[in-house]
Amino acid sequence: MLGSPDVGLVKGLQADIDEIEFQLFSGDRAVTKRIYDLSGEVMELQRAIRPLTAILTTLRHDLESELRDDPHALELRRSFRDVLDHVLSITDKTEEFRQTLTNAVMTHTTLVAQQQNDEMRLLTETSLRQTEQAKKISGWAAIIFAPSLVAGIYGMNFTVMPWLSSPWGFAFAIFIMVGFGAALYVVFRLRGWL
């Protein structure tokens, strides 16, 4: 029969694989390397165990055919059968480990993709909020620019300007400034910028 170091190795691998589940869902970034390392250990164990199955099967058949009638060989045949069963059990277990680790990699990949999607969604939402704020700032800047332009022109030190000497010139300039500002406010409000 196989000794306890092999059983200990299988139990150790089982414990490590069980810990990966916790690491997967805790967001530990080192889990990818750990899965990779454990996959290597499982493949190494499979390479070591796989030839034993064929060797023990051949020895068992040879033993049964040569010592079929020997009553003392019964215990020996039973021991070979136990060893072969143990090796087959470990082979099945390593295949199970390999499949579990493959599933862990796929799960980890899915979790990372989901996290990246969440981050991209947050970035997109932030970008949209910034765009809305930029629209509002631009709209208010345009509203303030129109009256400033009229005031700037009429504030120049020229003697020949339309309605500069008219008693209604100042009122007309104020009307134009407020009118431009109000018109831009209405346009921007209708477009959803303000």
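Provided above is the structure to which this section pertains.
How each quantity is defined
- Residues numbered from 1 in each chain as written.
- Predicted model: local features only at pLDDT ≥ 70, side-chain atom pairs only at ≥ 80, totals over all residues.
- Heavy atoms only, no water.
- Helix = DSSP H or I, 4+ residues; strand = E, 2+ residues; numbered from the N terminus.
- Rg over C-alpha atoms; globule rule 2.2 N^0.38 Å.
- Buried < 20%, exposed > 50% of the residue type's maximum accessible area, 1.4 Å probe, protein only.
- Contact = heavy atoms within 4.5 Å.
- Axes fitted to C-alpha atoms, helices over the stretch in contact; angles between N-to-C directions.
- Parallel < 35°, antiparallel > 145°, perpendicular 65-115°, else oblique.
- Left-handed = near helix turned anticlockwise from the far one by under 90°.
- Nonpolar A, V, L, I, M, F, W, Y, C, P; charged D, E, K, R; others polar.
- Salt bridge = Lys/Arg side-chain N within 4 Å of Asp/Glu carboxyl O.

Enquirer: Hey, could you run me through the overall build of the chain in this one?
Expert: In terms of regular secondary structure, the chain is built from four helices and zero strands. Going from the N terminus to the C terminus, the chain shows its helices and strands as α-α-α-α. In terms of overall size, the chain is more extended than a compact globule, its C-alpha atoms giving a radius of gyration of 41 Å where 194 residues would be expected to give roughly 16 Å. Principal-axis analysis of the C-alpha atoms places the extent of the chain at approximately 135 × 25 × 20 Å. Residues counted as buried form 20% of the 194 residues belonging to the chain. Excluding contacts between residues fewer than 6 apart, the proportion of contacts in the chain whose partners are at least 24 apart in sequence is 71%.

Enquirer: Even after reading the chapter, I still don't get the packing of helix 2 (residues 31-66) against helix 3 (residues 73-154), so can you show me in this structure?
Expert: The axes of two packed helices give the description: the angle between them and the distance between them. Contact geometry for helix 2 and helix 3: axes closest at 8 Å, N-to-C directions at 155°. Viewed along their axes, helix 2 and helix 3 adopt a mutual orientation that is roughly antiparallel. For the element pair helix 2 and helix 3, the recorded crossing hand is left-handed. Residues that form the contact of helix 2 with helix 3 fall into these classes: 21 nonpolar, eight polar and six charged.

Enquirer: What should I look at first to understand the packing of helix 3 against helix 4 (residues 169-190) in this one?
Expert: The geometry of helix 3 relative to helix 4 is characterised by a closest axis approach of 9 Å and an angle of 165° between their N-to-C directions. Relative to helix 4, helix 3 is oriented roughly antiparallel. Considering only the axes of helix 3 and helix 4, their crossing is right-handed. Touching Gly 139, Trp 140, Ala 142, Ile 143, Ala 146, Pro 147, Val 150, Ala 151 and Tyr 154 of helix 3 are Ala 173, Ile 176, Met 177, Phe 180, Gly 181, Leu 184, Tyr 185 and Phe 188, all from helix 4. In terms of residue class, the contact of helix 3 with helix 4 is built from 15 nonpolar, two polar and no charged.

Enquirer: Explain the environment of Leu 194 here, please?
Expert: As for its position among the elements, Leu 194 is in the segment after helix 4. With 58 residues separating them along the chain, Leu 194 and Lys 136 place their C-alpha atoms 5.3 Å apart. Beyond its immediate chain neighbours, meaning those up to four positions away, Leu 194 contacts Lys 136, Gly 139, Trp 140, Ile 143, Tyr 185, Phe 188 and Arg 189.

Enquirer: When you look at the pattern of salt bridges in this model, what are you seeing that I'm missing?
Expert: It is possible for side chains of opposite charge to pair when their charged atoms get near one another. Enumeration according to the criterion identifies seven salt bridges in this entry. Here Arg 34 and Asp 16 are joined by a salt bridge, their closest N and O atoms 3.3 Å apart. Taken together, the positions of Arg 34 in helix 2 and Asp 16 in helix 1 (residues 4-26) put the pair 18 residues apart, joining distant regions of the chain. Residue Arg 34 is classed as partly exposed on the basis of its relative accessible area, which comes to 22%. Across the pair Lys 135 and Glu 132 runs a salt bridge, and its minimum N-O distance is 3.5 Å. Here Glu 132 and Lys 135 lie together in helix 3, a separation of three residues that amounts to about one turn. Taking relative accessible area as the criterion, Glu 132 reaches 34% and is therefore assigned partly exposed. The network of salt bridges with shared partners includes Asp 16, Glu 19 and Arg 34.

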